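Coordinate inspection notes
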Amino acid sequence: MPKQQPSWLVEGLAALAIPSIDDVYPIVSSVAWSQDPYATERDGALLLVVAKEDEALARTALARLPELRAAAHMRAKALALQDAIGMIGEISAPVMKGYTAAERESWAAQDAEARKISAGGTAADAPLLADLARQRGVTLAALAEIVLAKSAGFRAIAATEQALRREAEAALGKASTPDEIAAALATVRAAVAAHLQPGPQ
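In this report, the structure presented in the accompanying data block is examined. Each chain has its residues counted from 1, following the order in which its sequence is written. Per-residue local features of the predicted model are confined to residues with pLDDT of at least 70, and side-chain atom pairs are confined, for both listing and counting, to 80 or more; whole-chain, interface and lining totals are unaffected and use all residues. To get the side-chain values, take all heavy atoms of the structure and skip hydrogens and water.

What to know about the pattern of salt bridges
Quick reminder of the rule: The working definition used for a salt bridge is a side-chain nitrogen of Lys or Arg within 4 Å of a carboxyl oxygen of Asp or Glu. The helix and strand labels rest on DSSP assignments: H or I over at least four residues marks a helix, E over at least two residues marks a strand, and numbering proceeds from the N terminus. Think of it in three bands: with a 1.4 Å probe and only protein chains considered, a residue is buried below 20% of the maximum accessible area for its type, exposed above 50%, and partly exposed in between.
Tallied over the full model, the rule gives four salt bridges. Here Asp111 and Arg155 are joined by a salt bridge, their closest N and O atoms 3.6 Å apart. In this pair, Asp111 sits in helix α8 (residues 107–118) while Arg155 sits in helix α10 (residues 140–174), placing the two residues 44 residues apart along the sequence. Judged by its relative accessible area of 12%, Asp111 falls in the buried class. The partner of Glu169 in a salt bridge is Arg165, with the nearest N and O atoms 3.0 Å apart. Highlighted residues: Glu169 and Arg165, both in helix α10, separated by four residues, approximately one helical turn. Glu169 sits in the partly exposed class, given a relative accessible area of 35%. With a relative accessible area of 37%, Arg165 lands in the partly exposed category. Counted as one network, the salt bridges with shared partners bring together Asp111, Arg115 and Arg155.

Written out as structure tokens, the structure is:
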């Protein structure tokens, strides 16, 4: 007859949803386990293995399971939010990659000067745009129109990304299971893919 397992070990395996002690070793030794955001929850399984001859230590491990699971869940949600932010950033990436950091840093100033020109200002009100217009061989008014059009387009993209991020944060904030976290990420992925689809020619 197989040796009967002590009640605390049976209780521990049941709490971890692991059928038997023999199923623990593949879990704690696998590469997938070490990369799993929920690996902390499996620390309880490892502690049970180590403590299988020590009931007091095993029961301490069991008592920590809710704490371990809560910490693992929060970590998984934080990692998922970072993934979501990375995906959302793909919407603006095609626009951003065509410019240097210095050019991007000048956008706010260009927009402000373009607004002044649109309101009837002169070159004295827009030294940056006036210089760029001379370099490009275009009129200041024409460059101001181009800048304002690009600013409007980028503001629309930024608004889209901000809205998607808020939706992702709300969905992940409500997620209480790994499946719900995965579903929130899938929703973000689908939304980003839709925005990246080319429009009609």
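Structure shown, so let's carry the discussion forward.
Description of helix α9 (residues 127–136)
This is how it is decided: Arc, as used here, means the arc of the directions from the helix axis to the C-beta atoms. Any two residues having at least one pair of non-hydrogen atoms within 4.5 Å are treated as being in contact.
Taken as a whole, α9 has its buried residues at Leu129, Ala130, Leu132 and Ala133. The buried residues of α9 occupy an angular sector of 165 degrees when projected down its axis, which confines them to one face. Projecting away from the buried face of α9 at angles above 90 degrees are the exposed residues Pro127, Arg134 and Gln135. Against the buried residues of α9 lie α8 and α10. With its phi angle positive at about 70 degrees, Gly137 sits one or two positions after the end of α9.

Overview of the side chain of Lys77
Short version of the rule: Within this scheme the basic residues Lys and Arg register as positive and the acidic residues Asp and Glu register as negative, but His and the chain ends are omitted. Whenever a nitrogen or oxygen atom comes within 3.5 Å of another N or O atom, the pair is scored as a polar contact, on the condition that within protein one atom can donate a hydrogen and the other can accept it, and that pairs from neighbouring residues in sequence are kept only if both atoms are in side chains.
Mapping Lys77 onto the fold places it in helix α5 (residues 55–88). Of the side chains bearing the opposite charge, Glu180 lies closest to the buried Lys77, which forms no salt bridge; the N-O distance is 7.9 Å. At 3.1 Å, the side chain of Lys77 and the backbone oxygen of Leu172 are in polar contact. Setting aside its immediate chain neighbours within four residues, Lys77 contacts Leu172, Gly173, Ala175 and Ile181.

Describing the environment of Ala183
Along the chain, the position of Ala183 falls in helix α11 (residues 178–196). Of the residues examined, Ala183 reaches a relative accessible area of 40% and is grouped as partly exposed. As a C-alpha pair, Ala183 and Leu172 span eleven residues in sequence and 9.2 Å in three-dimensional space.

Nothing here speaks to function; it is geometry throughout.
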